[in-house]
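# Structural features, examined
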Amino acid sequence: MKQFTKKAWIYLENGTFLEAKSFGAEDTVVGEIVFNVSMSGYQEIMSDPSYAGQFVTFTMPEIGNVGVNSEDMESKIAHAKGMIVRKYQDRYSSFRAEGSLSDFLKKQNVMGICDIDTRYLTKMLREEGAMMMIASTEISDKDELKKILLRSPRIEHVNYIEQVSTKVAYKHTQSTYNEREFKFDDAPKAEANVVVLDFGVKKNILNELVSAKIGVEVIPNNFSGDELIKRYNNKDIDGVFLSNGPGDPLMLKDEQREIKKLIEAKVPIFGICLGHQLLSIAHGYDTFKLKFGHHGGNQPVKNMKTGLVEITAQNHNYNVPDNIVEVAEVTHTNLFDNTIEGLKYNNSPIFSVQHHPESSPGPRESRYIFNEFLSLIKR
């Protein structure tokens with residue numbers, strides 16, 4: 001088994017300075033540090049475009065034991081700045097594995113940091129909130145790392161959507177993965193067609209839309225609201241989906257302006273995560289940043305219509321304000337902190353959720369929401 005002896009150093013904006021070991025790319029990188037409580041799915045997390053600009057601290061103490069494979073990627077590349085783990089296991093045991101996590105991170109030019117007290121880091125983030133940090137395998141001087149961090153842009157000042165969104169439109173036809181047969185299911189015949197606005201969409205969201213009998217066309221973030229309204233009126237499309245994505249939604253002024261046009265035209269819309277937040281802003285209700293966000297697969301959400309509690313997968317730092325009830329009905333509520341998790345807008349064919357019903361990784365109790373989108377379109 002490989003021995004990882006290359007040192008790495010971490011400096012956080014609160015002054016914390018730590019020494020660890022590296023099992024990923026050798027580099028000096030600045031990003032925001034968050035923690036994720038998922039017990040599986042590290043490859044899906046690292047390749048989720050919503051993590052662009054962030055270092056992910058995993059509370060699961062041992063990472064790497066199932067290796068990586070091409071089928072579990074949420075996008076073409078890994079988008080996170082790096083991962084921080086207690087113990088890295090280079091010897092993988094899954095029959096689906098095509099290589100080690102270490103080799104994957106090096107090929108993707110993503111940092112991997114291990115042999116560090118992730119409990120300590122997680123408790124710090126819970127108490128002080130998500131913060132900026134710098135990690136390096138090249139610089140060990142604390143003061144030098146501090147200087148680089150201070151002159152680097154903060155995550156809320158970087159438009160990562162421009163980096164993660166597709167540059168050309170494309171059709172997505174792949175359905176969901178069948179874990180019993182270890183292959184992707186055949187796509188059912190589409191009963192409606194939607195355009196997906198790509199702010200950093202996860203592959204498994206697209207798979208779930210296809211599985212729900214919805215035809216999917218993915219387009220870049222620099223879309224024209226007028227063009228989509230024209231296509232909707234011509235019955236070329238039946239609705240619009242707003243995807244997840246990274247960063248602060250308040251800085252996406254162009255996207256907000258075009259979404260307002262869709263709202264005014266009464267185009268059926270479904271939004272997840274960043275899409276949920278952008279719909280709130282477009283309705284005139286600005287989002288706010290949570291202290292340390294929701295990242296992981298254990299978030300209890302109450303469905304206000306059924307009264308049932310769903311355990312959900314989540315990944316976000318921003319949330320919609322409580323006074324949005326002036327224009328929308330709350331359909332889902334987070335039972336950890338009572339923040340809003342789902343909305344149905346008044347007198348509009350528009351709804352959204354903050355959590356991730358595609359559950360990749362995570363529990364699958366919310367996947368019915370994709371079928372609700374098809375029902376909305378048909379109505």
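Everything numeric in this text was worked out from a predicted model, so none of it was measured.

Strand order in the closed barrel formed by seven strands is β1-β2-β8-β6-β4-β3-β9, with mixed pairing between adjacent strands. The sheet shows a mean angle of 35° between the axes of neighbouring strands, taken without regard to direction. One ladder, built from three bridges, connects strand β6 (residues 82–84) with strand β8 (residues 111–114); its direction is parallel. Across the sheet, the residue bridging to methionine 83 is glycine 112, located in β8.

Before going further, it helps to spend a moment on the pattern of salt bridges. The full count for this structure, using the stated rule, is 20 salt bridges. We note a salt bridge from aspartate 72 to arginine 96, for which the minimum N-O separation is 3.1 Å. Linking aspartate 72 in the loop between β5 (62–63) and β6 with arginine 96 in the loop between β7 (87–88) and α2 (101–108), this pair joins segments that are 24 residues apart in sequence. Judged by relative accessible area, which is 21%, arginine 96 ranks as partly exposed. A single network of salt bridges, built from pairs that share partners, joins Asp226, Asp254, Arg257, Glu258 and Lys261.

So, on to the pairing of strand β16 (residues 269–272). Here β16 shows two buried faces, one formed by Ile269 and Gly271 and the other by Phe270 and Ile272. Where strand β15 (residues 239–242) and β16 come together, three bridges link them in parallel fashion. Paired with leucine 242 across the strands is glycine 271, a residue of β16. The handedness of the β15 to β16 crossover, carried by helix α8 (residues 253–264), is right-handed. Pairing analysis gives four bridges linking β16 to strand β21 (residues 350–353), with the strands arranged parallel.

Proline 361 follows serine 360 through a cis peptide bond whose omega is 0°. Here proline 361 shows up in the loop between β21 and α10 (368–378). Look at cysteine 273: it is not a glycine, yet its phi comes out positive at around 60°. Mapping cysteine 273 onto the fold places it in the loop between β16 and α9 (274–282). Its identity is not glycine, yet asparagine 338 carries a phi of approximately 65°, on the positive side. Here asparagine 338 lies in the loop between β19 (328–334) and β20 (340–345).

Backbone-to-backbone hydrogen bonds pair the strands of a sheet. The strands run either parallel or antiparallel. With mixed pairing, 10 strands are arranged side by side in an open sheet as β10-β14-β13-β15-β16-β21-β20-β19-β17-β18. Two strands bound the open sheet, and with one partner strand each, they are β10 (170–172) and β18 (309–319). Put simply, the sheet's adjacent strands are angled 25° from each other on average, direction ignored. The sheet contact formed by β20 and β21 spans three bridges and is antiparallel. When the sheet's bridge partners are listed, leucine 343 is paired in β21 with serine 352.

It is worth spelling out α2 at this point. Note on helix geometry: an α-helix contains 3.6 residues per turn, so any two residues three or four positions apart are oriented the same way. All of the buried residues along α2 are Leu101, Ser102, Phe104 and Leu105. Axial view of α2: buried residues confined to an arc of 160°, hence all on one face. Against α1 (42–46), β5, β6, β7 and β8 lie the buried residues of α2. Downstream of α2 by a residue or two, asparagine 109 has a phi angle that is positive, lying close to 60°.

What follows deals with the side chain of arginine 231. Position of arginine 231 among the secondary structure elements: in helix α7 (residues 225–233). Of the residues examined, arginine 231 reaches a relative accessible area of 17% and is grouped as buried. Discounting residues that sit within four places of it in the chain, arginine 231 has contacts with Val195, Glu217, Asp236 and Ile237.

The residue serine 375 is located in helix α10 in this model. Expressed as a C-alpha distance, the spacing of serine 375 and valine 66, which sit 309 residues apart in the sequence, is 38 Å.

Tracing the backbone shows aspartate 186 in the loop between β12 (183–184) and β13 (192–197). As a C-alpha pair, aspartate 186 and lysine 81 span 105 residues in sequence and 34 Å in three-dimensional space.

The subject of this paragraph is a nonpolar patch on the surface. On the surface, a nonpolar cluster with roughly 220 Å² of combined accessible area is contributed by Val309, Ile311 and Leu335. Relative to the helices and strands, leucine 335 is located in the loop between β19 and β20.

About the thresholds
Every residue gets a number counted from 1 within its own chain, in the order that chain's sequence is written. pLDDT decides what is reported in this predicted model: residues at 70 or higher carry local features, side-chain atom pairs at 80 or more are listed and counted, and totals for whole chains, interfaces and linings draw on all residues regardless. Neither water nor hydrogens contribute to the side-chain values; these are computed over all heavy atoms in the structure. At least two bridges found by DSSP between two strands are what make those strands a pair. Labels follow the DSSP assignment, with helices taken as runs of H or I lasting at least four residues and strands as runs of E lasting at least two, numbered in each case from the N terminus. Axis lines are fitted through C-alpha atoms, for helices just across the contact stretch, and the angle between N-to-C directions can take any value from 0 to 180 degrees. Any Lys or Arg side-chain nitrogen found within 4 Å of a carboxyl oxygen on Asp or Glu counts as a salt bridge. Three exposure classes are used, based on accessible area relative to the maximum for each residue type with a 1.4 Å probe and protein chains only: buried under 20%, partly exposed in between, and exposed over 50%. Handedness is read with the strands pointing away from the viewer; a crossover is right-handed when the path from the first strand over the helix to the second is clockwise. What the arc measures is the spread of directions leading from the helix axis to the C-beta atoms. Contacts are assigned to residue pairs that have any heavy atoms within 4.5 Å of one another. Residues enter patches when they are more than 30% accessible in relative terms and free of salt bridges; like-charged ones are connected within 9 Å and nonpolar ones (Val, Leu, Ile, Met, Phe, Trp, Tyr) within 5 Å. Residue-level accessible areas treat just the shown protein chains as cover; the underlying method is Shrake-Rupley with a 1.4 Å probe.

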